[in-house]
Structures are given as C-alpha cells and as structure tokens.
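Fold and geometry: a report
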Amino acid sequence: MPQLVFATSNAHKTEEVAAILGSAWQVEDLRAHPGITLDEETGDTFEANAIIKAVSGSRGVPGLLVLADDSGLEVDALGGAPGVRSARYAGETANAADNRAKLKAELAKKAMYARFKGRFHCCMVLARDGEVLHISHGSVEGRLITQEQGEGGFGYDSLFIPDGFTETFGVLPAETKNQLSHRARALAAMKKKLASLR
Ligand code: IMP
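On a predicted model such as this, the values are computed, not experimentally measured, just so you know.

So, about helix α2 (residues 46-59). Relative to the 20 Å expected for 14 residues at 1.5 Å per residue, α2 spans 20 Å between its end C-alpha atoms, a close match to the ideal helical length. Among the residues of α2, Phe46, Asn49, Ala50, Lys53, Ala54, Val55, Ser56, Gly57 and Ser58 are the ones counted as buried.

Let's shift gears to the sheet that holds strand β3 (residues 65-75). Taking strand neighbours across the sheet as the criterion, the six strands line up as β2-β1-β3-β4-β5-β6 in an open arrangement whose pairing is mixed. For this open sheet the edge positions go to β2 (26-29) and β6 (160-162), each flanked by a neighbour on one side alone. When strand polarity is set aside, the average angle formed by the axes of neighbouring strands in this sheet is 35°. Against the sheet, α2 touches β3, β4 (116-128) and β5 (131-144), its axis set at about 155° to β3. Where helix α3 (residues 96-108) meets the sheet, it contacts β3, β4 and β5, and its direction lies at approximately 30° from that of β3.

Let us look at the environment of Asp39. Topologically, Asp39 is positioned in the loop between β2 and α2. Each residue touching Asp39, except ones within four places of it in the same chain, is listed here: Ile52 and Ser56.

Moving on: the nonpolar core. The biggest cluster of nonpolar side chains holds 17 residues, and the ones touching the most others in it are Leu73, Leu103 and Leu144. Broken down by secondary-structure element, the contributors of at least two residues to this core are β3, α3, β4 and β5. The contacts of Leu144, once residues within four sequence positions are left out, are Leu73, Val75, Leu103, Leu107, Phe116, Gly118, Leu159 and Phe160. Residues Leu4, Leu21, Leu65 and Met124 belong to the second largest nonpolar core, which totals 15 residues.

What follows concerns the pairing of β2. As paired strands, strand β1 (residues 3-6) and β2 are joined by four bridges and run parallel to one another. Along β2, the bridge assignment pairs Phe6 with Asp29. Handedness of the crossover joining β1 and β2 through helix α1 (residues 11-21): right-handed.

This part is about unusual backbone geometry. Across the junction of Ala81 and Pro82, the peptide omega takes the value 0°, indicating a cis bond. Relative to the helices and strands, Pro82 resides in the loop between β3 and α3. Located in the positive-phi region is Asp129, a residue other than glycine, with phi close to 50°. Residue position: Asp129 is located in the loop between β4 and β5. Given the relative accessible area of 48%, Asp129 is considered partly exposed.

In the vicinity of the ligand lie 17 residues, with Lys13, Asp157, Lys177, His182 and Arg183 positioned nearest. Within the backbone of Ser71, an N or O atom sits 3.0 Å from an oxygen atom of the ligand. Here a nitrogen atom of the ligand sits 3.2 Å away from a polar atom, N or O, in the main chain of Tyr156. Burial of the ligand by the surrounding chains reaches 90%, relative to a free accessible area of 490 Å². Put simply, the parts of the chain that give the shell around the ligand at least two residues each are β3 and α5 (182-188). Of the residues assigned to the shell around the ligand, the class counts are four nonpolar, five polar and eight charged.

Calculation rules
Residues numbered from 1 in each chain as written. Predicted model: local features only at pLDDT ≥ 70, side-chain atom pairs only at ≥ 80, totals over all residues. Heavy atoms only, no water. Helix = DSSP H or I, 4+ residues; strand = E, 2+ residues; numbered from the N terminus. Expected span 1.5 Å × (residues − 1). Buried < 20%, exposed > 50% of the residue type's maximum accessible area, 1.4 Å probe, protein only. Pairing = 2+ DSSP bridges. Axes fitted to C-alpha atoms, helices over the stretch in contact; angles between N-to-C directions. Contact = heavy atoms within 4.5 Å. Core = buried A, V, L, I, M, F, W, Y, C linked by side-chain atoms within 4.5 Å. Right-handed = clockwise from strand over helix to strand, strands pointing away. Near = heavy atom within 4 Å. Polar contact = N/O pair within 3.5 Å; in protein donor to acceptor, adjacent residues only side chain to side chain. Areas by Shrake-Rupley, 256 points an atom, 1.4 Å probe, with all protein chains shown as cover. Nonpolar A, V, L, I, M, F, W, Y, C, P; charged D, E, K, R; others polar.

This is how it looks when you write it as structure tokens:
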C-alpha cells in the first residue's frame, strides 16, 4: 500500500483522512515520524499555512509524499473569525474546550443575529522533497448553535450543524461527517492527483 505522511499530530484529523482515503493509502502522521519538525504557521490564510506545513514536513522525510491540512471555522457574524486562528482562538495555549467557550461568549454578544451562518474550510497541500505538487480546498456550510450538542468529533464540531441536517457534527455519525466535511471535499478535489502518484 503506498505511504502518505499526513503532517499533523491531531489524531482526529488523521482518523478522518484515513477513513476518507480508505484502503488506497497507508496514512501515517507525525506520531509515526517524530523526526519531522514543521515550521511555524505564520501565514494569514489557510493556504499559506498548509503550504508551510507540507513543504517543511516533506523536507523531514525525503522521497515520501506529505499531505498537510490547514483548516478552521469561519463565522459570518464574527467577521470570519476564528478563521486561521481556530486552533488558538482563546489564546496560544488554549484547548478545544477553551476555544468553544470563547466562541459561545463571542456569539452571545451578537444576539441580534437570528442565525449564525458559518462554514468549516480546509486547504490541503501535497508536497514531496520541499516541492508543492498540488493544492486543493473544500468547505461545508452550516450554522453555529450556542449550546453544545454531542460528544463526537473534535474542535468546534459540537457547535456546528451542517446545512441540510438538524444535528451537529458532534452528534452525526463519523461516516456522515466524512462524506460532506471540508476535509472530505478538499481530499475529493485532490483525488486525481493522488491517484496519479500511487
Ligand atoms: P490547524 O490544525 O492549525 O489546521 O487548526 C485547525 C483548528 O480548526 C482545529 O484545532 C479546530 O479548532 C478547527 N477545526 C478544523 N477542522 C475541524 C473539524 O472538522 N471540526 C471541528 N473543528 C475543526
């Protein structure tokens, strides 16, 4: 099975990517490649940060294909926040629960909105030996709620209801999320390129 190094230490993301790609690829993340060090995410966009991760990650494993994902939540009522700062919304050392608490507090200040429209966005970058091979994007539209629902998923999942559904990604089965998520759509847009490299 061809090997794909996914430049993340977020086990939830790896589980999703492995499930979406299925048996076509052996997906390993930074836990299996502790020698890889990623450069700091200094970009202002998902794409800039995904390129930084893919390029720096690929230099640590010569000859191997490296995939990086930079993703986050954009809420219209918050001017697109938390956006590229999704992982650190409540501060540099914040965990997911801190970030959700901050999001709920920010939404509470916007009570004039009847509905909080938003989306998850993902940029995927494929690289090898420091060279970008392909870039793709995917997003899933939905709305934010202010009371958490469900224990599944990670990050902001328990606060996000995708369009066409009545339950959050924290409640919906992983198979459902993996069919329509920002990550699934970004990977679908990269499928042809990946197939050509197997
Ligand atoms: P990154 O690891 O720098 O790309 O940061 C991604 C952050 O965006 C995560 O820490 C989560 O806060 C949020 N995020 C991205 N994708 C998802 C998702 O599928 N569900 C919930 N939160 C997500």
